[in-house]
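# Residue-level structure breakdown
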Amino acid sequence: MRRRSLGVALIATAALVTLPGQLPATAAETPLSQGRTVTSSSDENAGTPARNAVDGDRGTRWSSAASDAQWLQVDLGVTASVTRVVLDWEAAYGKDYKIQLSQDGTGWRDAGTVTGGDGGVDTVDVSGQARYVRMQGLHRATSWGYSLWEFQVFGTAGDTPPASCDTADAARGRPASASSVENAGTPASAAFDGNTGTRWSSQASDPQWIQVDLGSVRDLCKVDLNWEAAHAKDFKIQASGNGQDWNTLREVTGATGGQASYTVSGSGRYLRILGTARATGYGYSLWEVAVHTASGGTGPIQGGGDLGPNVIVVDPSTPNLQQKFDQVFEQQEESQFGGGRYQFLLKPGTYNGINAQLGFYTSVSGLGLNPDDVQLNGDITVDAGWFNGNATQNFWRSAENLAINPVNGTNRWAVAQAAPFRRIHVKGGLNLAPNGYGWASGGYIADSKIDGTVGPYSQQQWYTRDSSVGGWTNGVWNMTFTGVEGAPATNFATGPYTTFDTTPISREKPFLYLDGSAYKVFVPAKRTNARGVSWPANAGGTSLPLDRFYVVKPGATAATINAALDQGLNLLFTPGVYHIDQTIKVNRADTVVLGLGLATIVPDGGIDALHVADVDGVRLAGFLIDAGPVNSDTLLRIGPPGASADHSANPTTVQDVFVRIGGAGPGLATNSVVVNSDDVLIDHTWIWRADHGEGVGWETNRADYGLRVNGDDVLTTGLFVEHFNKYDVLWSGERGRTIFFQNEKAYDAPNEAAITHDGIVGYAAYKVADTVNEHEAWALGSYCNYTSDDTIVQHHGFQVPVKPGIRMRHLMVISLGGKGQYRHVINDTGAGTSGTDTIPSKIVQFP
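Residues numbered from 1 in each chain as written. Predicted model: local features only at pLDDT ≥ 70, side-chain atom pairs only at ≥ 80, totals over all residues. Heavy atoms only, no water.

With that out of the way, let us pick up the sheet that holds strand β35 (residues 542-545). Pairing is antiparallel in the open sheet, where 3 strands are placed in the order β32-β33-β35. Two strands close off the open sheet at either side, each with one partner strand: β32 (511-515) and β35. Direction aside, the axes of adjacent strands within the sheet are offset by 40 degrees on average. The pairing of strand β33 (residues 518-523) with β35 spans 4 bridges and is antiparallel. Note on β35: the bridge partner recorded for K520 is P545. (Pairing = 2+ DSSP bridges. Helix = DSSP H or I, 4+ residues; strand = E, 2+ residues; numbered from the N terminus. Axes fitted to C-alpha atoms, helices over the stretch in contact; angles between N-to-C directions.)

This is the structure in structure tokens:
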């Protein structure tokens, strides 16, 4: 490999050494970074994840999305004195980049800057104490992203306790557990009770352990051990953020028992003493274990702060504003499964001559308390030029909380699923079709006022809630309205419309706004039998200051997120892709979890992504859960199994929360969303097993169930669920209600045998369990497109028990171009589909 030379700009004590294009001889030592937790701003694909850069294998690599300002960071696990960083670049290298250090993964300082780099192997000498080390890319050398064979951090792990090591025992009285106890009189809790007359003792075998839950993630600096005569000869002091994955802070061999103190450096919620060799023929026995934390360390997690690198805050005087919108759109227009995530926030004022085109994972929102506080004399446009005029894949984008005065009188919003249009005042008309009126498959409007006419044109289905329209021109199959002033009258028997004067229960999505110069989140109140928009009155809502939110930024760990929740903070996810190694657990009533720019949570290692306890009033809104390559049991679970508390006065709400299995790479999940709590309100979701993209196949992205409802009195408004291997929706709770449902059966069912069960060909798109006595649903559509075997005849779209309390209204099934057929609409009732004409077969009411 040829010799590389670099132009270098230095910061502080950093220096760059020019080296041949091979790893230096000094790299034979094991880097502090090898095998550690690593995160990135983006991954090019599932085959080039961030972890490849620290695996010690020069045959694997990390590569980012093809844009500047990408980063890779590693958590060393403990604070270290970092001396140098070695970067082994693949051909797609960074021309200009920084090496940055951080103690907490949030606040960064520059330790070295490289300019004019030419790839190969770079060694950057640095100096400083850090737990986290980051390569912050500034400019790429090629049209590709950044790509590293290896990212190696060298130095010395710290072993001196900080002067601020607290003398208090953080473990006293905390919950404890152990691998075993000798008898009932020597429990694990006795080692943390502050009483040297009580003890824990284990069974007489190796290995054994005892651990304590500190309640939240803490910086650890010292551990005191007081051994009884049956002590450990060899043991490890370990820490964990989740009680499952352990990091060794200190390994002790040849110990002699008695009282001893050990300096440690690291963080965790759980601390464990793992005995590996006993000094006697008895078990392990400890009078006391004391844990000391760094009082001058991270301490309590702070709320508030800046909104991260991918939130673009502008005002009417922002220079080159149109260019900012255009640059993001150019990057995101076709990036259906890329890693870019962006949120535009518009401060109150009047914006002239702007056309904000929105691509994938791009959101635009006003920062006023009311939509009319932000006046856009221009357009917010979604079109389908990237897909030859076909809008059926215009997913994952949003507009919210502003007023639009369209240039030509009509704004174009040609979207498909997962593209909410909320809290918008359109001072003109709204066109929901792409230029040329190509195919379109949307969509959702809520809390919006459209002064002119809404023209769906080619839109197959649409749900509009608590809004006002000047008119509605047409519909294809399923157009549903609840609480919409100006909505057309119901005509489902002969047309596409289902209309309710009011929405039985609704609560608008929380949103970020500016109160003077301070960011706050407005949390709207529940409305009953609502009609029309909720603004400008915003009656009964609550404003939460930003300092009551942990502002989650790329690189944040699940341990820190859970510690923030345990501390009582809400969560504001800034745009990014968040790989998590432990389930996010929302246990406090009225917690708000709000995402910006389609922030995406990816569970690694087969864990569940998010659990909500059986508590009142949790708000989940505005984020995407993307299944990982190892099967998760349940991606989103609301309430534990058997939950039964009454939440009717203050329900948990799920709004614009989307779930995806496959497409961005292989993904697996047995259940996508499970609702065990009662009274939950799901207001717009798209739960999607991918039918295109990467990692797609009948078993490759297997996901048996989309939505499973076990709780009672659950209401869904705007429910989109598609392509699952078994039931898309399986409803087992009592008194459930659904208003509007859109579904496609799995395209890739290989044959009828693969989906035959209980003597029935095909799993119903929407099944109400036989045990249910009361259930109501309106405006449900299921479509089949069996591309792997177009001879499949699905028995029915819907399956319910025939009981007086089961009432199903306005149902349809459709064969898309003759790719498979339905024999019936619901149970054994309703004419089947036939031919290639894509004509609905309907049932107005059942039974």
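Further remarks concern empty space enclosed by the protein. Evaluation of the coordinates by the stated rule reveals 7 cavities of 30 Å³ or more. Roughly 210 Å³ of internal volume is contained in the largest cavity. Taken together, 23 residues line the largest cavity, and the ones lying closest to its centre are S365, S398, E400, K509 and G595. Mapped by element, the contributors of at least two residues to the lining of the largest cavity are β18 (342-346), β20 (362-366), β22 (397-404), β32, β40 (592-603) and β44 (653-661). No other element matches the 5 residues that β40 contributes to the lining of the largest cavity. For the lining of the largest cavity, the class distribution of residues is 10 nonpolar, 9 polar and 4 charged. (1 Å grid on protein atoms, 1.4 Å probe; cavity = no way out; pocket = protein on both sides within 12 Å on 5 of 7 lines; lining within 4 Å. Points joined across faces, edges and corners; volume = space filled by probe spheres on them. Nonpolar A, V, L, I, M, F, W, Y, C, P; charged D, E, K, R; others polar.)

Quantified by volume, the second largest pocket comes out at close to 470 Å³. Lining the second largest pocket are 22 residues, with T392, W439, Q460, E744 and Y747 sitting closest to its centre. In the lining of the second largest pocket, the residues fall into 9 nonpolar, 10 polar and 3 charged.

Nonpolar side chains in soluble globular proteins generally cluster together in the buried interior. Among the nonpolar cores identified, the biggest contains 85 residues, and F573, L620, Y766 and M808 are the most heavily contacted of them. Beyond its immediate sequence surroundings of up to four residues, Y766 is in contact with V729, W731, T738, F741, H775, A777, L780, G797, F798, Q799 and M808. Counting 38 residues, the second-largest nonpolar core is a separate cluster that includes Y351, I424, I450 and W462. (Core = buried A, V, L, I, M, F, W, Y, C linked by side-chain atoms within 4.5 Å. Buried < 20%, exposed > 50% of the residue type's maximum accessible area, 1.4 Å probe, protein only. Contact = heavy atoms within 4.5 Å.)

With that out of the way, let us pick up the sheet that holds strand β53 (residues 766-768). One open sheet holds the 8 strands; their spatial order is β39-β41-β43-β45-β47-β49-β53-β56, and the pairing between them is parallel. Two strands bound the open sheet, and with one partner strand each, they are β39 (584-586) and β56 (798-799). Looking at chain direction, strand β41 (residues 610-612) and strand β43 (residues 632-638) are connected through 3 bridges and run parallel. Looking across to β43, one finds that V612 is bridged to I638.

Next up on the list: the side chain of S672. Mapped onto the elements of the fold, S672 is located in strand β45 (residues 669-675). For S672, a relative accessible area of 0% gives the class buried.

A cis amide bond links G442 to the next residue, G443, at an omega of -15 degrees. Relative to the assigned elements, G443 resides in the loop between β25 (429-431) and β26 (444-446). In this structure, Y361 takes a positive phi of about 55 degrees despite not being glycine. Residue position: Y361 is located in the loop between β19 (349-357) and β20. In this structure Y361 comes out as buried when scored by relative accessible area, which is 0%. In this model, N529 sits at a positive phi of 55 degrees, which is unusual for a non-glycine residue. Note on placement: N529 falls in strand β34 (residues 526-530). Take N529: its relative accessible area is 49%, and that puts it in the partly exposed class.

Moving on, we get to helix α1 (residues 321-332). Between its terminal C-alpha atoms α1 stretches 17 Å, which fits the 16 Å expected from 12 residues at 1.5 Å a residue. Within the sequence span of α1, burial applies to L321, F325, V328, F329 and Q332. One face of α1 carries all of its buried residues, which in axial projection span an arc of 100 degrees. Considering only its buried residues, α1 is in contact with β17 (311-314), β18, β19 and β20. (Expected span 1.5 Å × (residues − 1). Arc of directions from axis to C-beta.)

Once that is clear, we can look at the packing of aromatic side chains. Across all of its chains, the model carries 32 aromatic pairs by this definition. Considering the side-chain rings of W477 and Y783, the 5.0 Å spacing of their centres and the 65 degrees angle between planes classify their relative orientation as edge-to-face. With W477 in the loop between β28 (461-472) and β29 (478-485) and Y783 in strand β54 (residues 775-784), this pair connects stretches of sequence that are 306 residues apart. Both residues of the pair, W477 and Y783, belong to the buried class. A centroid spacing of 6.5 Å and a plane angle of 25 degrees characterise the contact between Y705 and Y727, whose relative ring orientation is stacked. With Y705 in strand β47 (residues 705-709) and Y727 in the loop between β48 (715-722) and β49 (729-731), this residue pair connects regions lying 22 residues apart in the sequence. For the residue pair Y705 and Y727, the accessibility class agrees, reading buried in each case. An aromatic cluster is defined as three or more aromatic residues linked by ring pairs; in this entry it consists of F337, F360, Y361, W386, F387, F395, W396, W686 and W688. The aromatic ring of W396 is capped on one face by R660, whose charged end is 4.6 Å from the ring centroid. Over the face of the ring belonging to F492 we find K842, whose NZ or CZ atom lies 4.4 Å from the ring centre. (Phe/Tyr/Trp six-rings, centres within 6.5 Å; stacked < 30°, edge-to-face > 60°. Lys NZ or Arg CZ within 6 Å of the ring centre and 35° of its normal.)

Here we come to the confidence of the model for the protein. Scored by pLDDT, the protein comes out at a mean of 92, with 95% of its residues at no less than 70. Long-range and interchain partners of residues 1-27, a stretch whose pLDDT sits below 50, account for 67 contacts in this model, where long-range means more than four residues apart. (pLDDT = per-residue confidence, 0-100.)

Moving on to the pattern of salt bridges. Two side chains of opposite charge can pair, provided their charged atoms sit close to one another. Taken as a whole and judged by the stated rule, the model has 30 salt bridges. With its nearest N and O atoms 3.5 Å apart, the salt bridge here joins D590 to R619. Here R619 lies in strand β42 (residues 619-626) and D590 lies in the loop between β39 and β40, a separation of 29 residues in the sequence. Note on D590: relative accessible area 37%, which makes it partly exposed. According to the relative accessible area criterion, R619 is buried, its value standing at 10%. One continuous salt-bridge network, built from bridges that share partners, spans R422, R465, D466, E508, R527, D656 and D683. (Salt bridge = Lys/Arg side-chain N within 4 Å of Asp/Glu carboxyl O.)

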